[in-house]
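Letter by letter, the chains look like this.
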Amino acid sequence: QSALTQPASVSGSPGQSITISCTGTSSDVGGYNYVSWYQQHTGKAPKLMIYEVSNRPSGVSNRFSGSKSGNTASLNISGLQAEDEADYYCSSYTSSRTAVFGGGTKVTVL
Amino acid sequence: EVQLVDSGGGLVQPGGSLRLSCAASGFTFSSYGMNWVRQAPGKGLEWVSYISSNGRSIYYADSMKGRFTISRDNAKKSLYLQMNSLRDEDTAVYYCARGDLTRFDPWGQGTLVTVSS
């Protein structure tokens with residue numbers, strides 16, 4: 001199972017909006033509404049930010065939103081803040097009854 | 001508070017074995033599927049294995065099949081990963097995470113496994 005494709009890095013100024021893409025295939029991202037997104041600060045465990053494409057767990061800021069079109073899912077962060085600087089990973093359920101992660105995107109707040 | 005605590009990591013020689021543990025608290029452990037996910041130094045996340053709530057359904061990533069064995073003890077609220085025939089490329093932080101393959105939440109703090117001679 002090949003990793004999902006994410007951009008290596010995305011940056012933005014405070015207050016701006018950024019979007020991170022996550023591209024897979026019809027066997028994972030495109031085939032199921034089971035895309036999730038994780039935030040990982042340096043040296044910390046990942047934290048669930050979005051599940052089932054666009055749902056936010058309790059406690060996650062509404063500045064984070066998710067969507068999907070075809071084989072590509074996206075995470076949008078609006079009103080970018082310094083605390084959003086972290087690595088972000090997408091994940092998808094697959095037709096092989098496994099899970100696959102993206103390679104990760106480093107978000108930098110300028 | 002829902003909590004997962006990973007343990008059992010350490011330094012092991014290539015070809016050696018190690019057993020990781022994950023202790024759960026704050027939720028009904030026996031009602032949830034569980035996973036292991038690993039992260040090599042400076043690299044991304046890699047899903048390793050899943051076990052269903054009753055232990056009857058088990059899945060592995062292809063590169064781990066035949067070498068790693070996931071198991072659980074619901075009475076002890078614990079998850080395990082037995083790792084055999086370890087290779088240099090298995091060096092990583094190993095996290096346990098609650099979930100059913102569609103989402104992982106929460107995660108343990110991770111335990112570092114270093115495979116080196």
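Residues numbered from 1 in each chain as written. Chains lettered and ligands numbered in written order. Predicted model: local features only at pLDDT ≥ 70, side-chain atom pairs only at ≥ 80, totals over all residues. Heavy atoms only, no water.

**Student:** What is the right way to look at the sheet that holds strand 2 (residues 18-23) of chain A in this model?
**Tutor:** The strands making up a sheet associate through hydrogen bonds between their backbones, and the pairing can be parallel or antiparallel. Residue and element names in this part refer to chain A. With antiparallel pairing, three strands are arranged side by side in an open sheet as 2-6-5. In this open sheet, the two strands that pair with only one neighbour each are strand 2 and strand 5 (64-69). Strand after strand, the sheet turns through a mean of 20° between neighbouring axes, direction not considered. (Pairing = 2+ DSSP bridges. Helix = DSSP H or I, 4+ residues; strand = E, 2+ residues; numbered from the N terminus. Axes fitted to C-alpha atoms, helices over the stretch in contact; angles between N-to-C directions.)

**Student:** Sorry if this is basic, but what is going on with the environment of Ala8(A) here?
**Tutor:** Residue and element names in this part refer to chain A. Tracing the sequence through the fold places Ala8 in the segment before strand 1 (9-12). Assessed through its relative accessible area of 62%, Ala8 is described here as exposed. For the pair formed by Ala8 and Ser69, sequence separation is 61 residues and the distance between their alpha carbons is 21 Å. Apart from the residues within four sequence positions on either side, Ala8 is in contact with Gly104, Thr105 and Lys106. (Buried < 20%, exposed > 50% of the residue type's maximum accessible area, 1.4 Å probe, protein only. Contact = heavy atoms within 4.5 Å.)

**Student:** Is there a simple way to explain the interface of chain A and chain B in this structure?
**Tutor:** The extent of an interface is frequently quoted as the accessible surface area lost upon association of the parts. Residue-level contacts link 19 residues of chain A with 18 residues of chain B. For the pair chain A and chain B, the summed buried area comes to about 1600 Å², and 63% of that belongs to carbon and sulfur atoms. Considering only the surface of chain A that becomes buried against chain B, Pro46(A), Arg97(A) and Phe101(A) emerge as the three largest contributors, covering 30% of it. For the interface between chain A and chain B, the tally reads one salt bridge. Across the salt bridge formed by Glu52(A) and Arg103(B), the nearest N and O atoms sit 3.4 Å from each other. The interface formed by chain A and chain B includes six residue pairs in polar contact (both at pLDDT 80 or more). At the level of secondary structure, the elements contributing two or more residues to the side of chain A that touches chain B comprise strand 3 (35-40), strand 7 (86-93) and strand 8 (99-101) of chain A. Partitioning the side of chain A that touches chain B into residue classes produces ten nonpolar, six polar and three charged. (Buried area = accessible area lost by both parts, 1.4 Å probe. Salt bridge = Lys/Arg side-chain N within 4 Å of Asp/Glu carboxyl O. Polar contact = N/O pair within 3.5 Å; in protein donor to acceptor, adjacent residues only side chain to side chain. Nonpolar A, V, L, I, M, F, W, Y, C, P; charged D, E, K, R; others polar.)

**Student:** Just checking my understanding: could you explain the sheet that holds strand 8 (residues 78-83) of chain B for this structure?
**Tutor:** Residues and elements named next belong to chain B. The antiparallel open sheet is built from four strands, whose spatial order is 1-3-8-7. The open sheet has two edge strands, strand 1 (3-7) and strand 7 (68-73), and neither has a second partner. Adjacent strand axes in the sheet meet at a mean angle of 15° when their direction is disregarded. Here six bridges tie strand 7 to strand 8, and the two strands are oriented antiparallel to one another.

**Student:** Help me understand the environment of Glu85(A), please; the structure alone is not making it clear to me.
**Tutor:** Residue and element names in this part refer to chain A. With respect to the helices and strands, Glu85 occurs in the loop between strand 6 (72-77) and strand 7. Here the alpha-carbon distance between Glu85 and Gln39, two residues 46 residues apart in the chain, equals 9.2 Å. When neighbours within four sequence positions are excluded, Glu85 is seen to be in contact with His41, Val107, Thr108 and Val109.

**Student:** Explain the pairing of strand 8 of chain B to me, please; I cannot follow it from the model alone.
**Tutor:** A regular strand carries its side chains on alternate faces of the sheet. All names here are of chain B. Summarising burial for strand 8: five of the six residues are buried, a large majority. Here strand 3 (residues 18-25) pairs with strand 8 via six bridges, running antiparallel. Following the sheet pairing, Leu20 is matched in strand 8 by Leu81. Connecting strand 7 to the next strand, strand 8, in antiparallel fashion are four residues, including Lys77 with a positive phi near 55°.

**Student:** Where do I start with the state of the cysteines in this structure?
**Tutor:** What makes a disulfide is a covalent bond joining the sulfur atoms belonging to two cysteines. Following the criterion strictly, the structure yields two disulfides over all chains and no others. Note that Cys22(A) is cross-linked by a disulfide to Cys90(A), the S-S spacing being 2.0 Å. Around the S-S axis, the bridge from Cys22(A) to Cys90(A) shows a dihedral of about 80° and counts as right-handed. Of this pair, Cys22(A) sits in strand 2 while Cys90(A) sits in strand 7, placing them 68 residues apart in sequence. A sulfur-sulfur separation of 2.1 Å characterises the disulfide bridge that pairs Cys22(B) with Cys96(B). Disulfide Cys22(B)-Cys96(B): the torsion about the S-S bond is 55°, which places it as right-handed. Taken as a pair, Cys22(B) in strand 3 and Cys96(B) in strand 9 (residues 92-99) lie far apart in primary sequence, 74 residues in all. The pair Cys22(B) / Cys96(B) is uniform in exposure class, with both members buried. (Disulfide = S-S within 2.5 Å.)

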